[in-house]
Amino acid sequence: SSSCSEGGMTIFSLIESGDLAAVSSTLQQQPGLLTVPGDYGGVYAGPPLHAAAYHGRTEIVRLLGEVGAEIHWRDEIERTALCVAAGMGRTGAAGALLDLGARTEDGDNYGRTPLHMASDMGHVEVVQLLLDHGASTSAQDEYGRTPLYRAAWMNEVSCVAALVRAGAEDTV
């Protein structure tokens, strides 16, 4: 397959294993792999940057950004890598993506922003990171639900507290 590197390991399995040197060398030999979507363990196929976000491989996220990965690329349901990192609770990867210019307001097909995803999964460290980077507490998904609503609905008390401290209000 086009996503294979030496020894039959795909770029996605190298990312999953956290092998920074092998990912770097594979991309030097085959830079086109940066944009090839593949299965990385999530439900939807995405490029290597999504895989690194999903697996919380912070240094690989940084490497991919440095070699030109499209930070705003979206998967089949319009999720960015930041959405993936937020939903998985990958604080380091989310921070690296924000440093690379990822936008906190970029949501998916359902209007869920990274803050929605982190809030309803109980990832309070990511919630705080996103809030510190200016994420909107008033963003609404397709049903009009804010991150605060979703956190409360999922009984994620620590996320509710962080959102309320940040000034979140809910009228839903």
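Everything that follows concerns the structure shown earlier in this document.
Residues numbered from 1 in each chain as written. Predicted model: local features only at pLDDT ≥ 70, side-chain atom pairs only at ≥ 80, totals over all residues. Heavy atoms only, no water.

## Considering unusual backbone geometry
Phi is positive for E78, close to 70°, though the residue is something other than glycine. Its place among the elements puts E78 in the loop between α4 (58–66) and α5 (81–88). Phi angles above zero are rare outside glycine, and N155 is one such case at about 60°. You can see N155 is positioned in the loop between α9 (147–153) and α10 (157–165). (Helix = DSSP H or I, 4+ residues; strand = E, 2+ residues; numbered from the N terminus.)

## What to know about the environment of E70
Within the secondary structure, E70 sits in the loop between α4 and α5. The exposure class of E70 is partly exposed, given its relative accessible area of 45%. Sequence-wise, E70 and L34 are 36 residues apart; in three dimensions their C-alpha atoms are separated by 8.4 Å. For E70, the side chain forms a polar contact with the main-chain nitrogen of H72, separated by 2.8 Å. (Buried < 20%, exposed > 50% of the residue type's maximum accessible area, 1.4 Å probe, protein only. Polar contact = N/O pair within 3.5 Å; in protein donor to acceptor, adjacent residues only side chain to side chain.)

## Brief notes about the packing of aromatic side chains
Applying the stated criterion to the full structure yields 2 aromatic pairs. Ring centres 5.3 Å apart and planes at 65° place the aromatic pair Y40 and Y54 in the edge-to-face group. Here Y54 lies in helix α3 (residues 48–55) and Y40 lies in the loop between α2 (20–29) and α3, a separation of 14 residues in the sequence. Exposure remark for Y54: the relative accessible area of 18% places this residue in the buried category. Between Y149 and W153 the ring centres are 6.4 Å apart and the planes differ by 40°, which places this aromatic pair in the tilted class. Of the two residues, Y149 and W153 both sit in helix α9, 4 residues apart, roughly one turn of that helix. A relative accessible area of 27% places Y149 in the partly exposed class. We note R145 situated over the ring of W153; from NZ or CZ to the ring centre the distance is 4.5 Å. (Phe/Tyr/Trp six-rings, centres within 6.5 Å; stacked < 30°, edge-to-face > 60°. Lys NZ or Arg CZ within 6 Å of the ring centre and 35° of its normal.)

## Points about the nonpolar core
Judged by nonpolar contacts, the single largest core of 46 residues is most densely connected at V23, L49, L64, L97, V127, L130 and L163. Other than its neighbours up to four places away in sequence, V23 contacts I11, L14, I15, I60, L63 and L64. (Core = buried A, V, L, I, M, F, W, Y, C linked by side-chain atoms within 4.5 Å. Contact = heavy atoms within 4.5 Å.)

## Description of the environment of Y44
As for its position among the elements, Y44 is in the loop between α2 and α3. Each C-alpha atom of the pair Y44 and I77 lies 7.7 Å from the other, and the pair is 33 residues apart in sequence. Discounting residues that sit within four places of it in the chain, Y44 has contacts with D75, E76, I77 and R79.

## A few points about α2
For α2, the set of buried residues is A22, V23, T26 and L27. Summarising the axial view, the buried residues of α2 lie within an arc of 130°, below the 170-degree limit, and thus occupy one face. Those residues of α2 that are exposed and angled more than 90 degrees off the buried face are A21 and Q28. (Arc of directions from axis to C-beta.)

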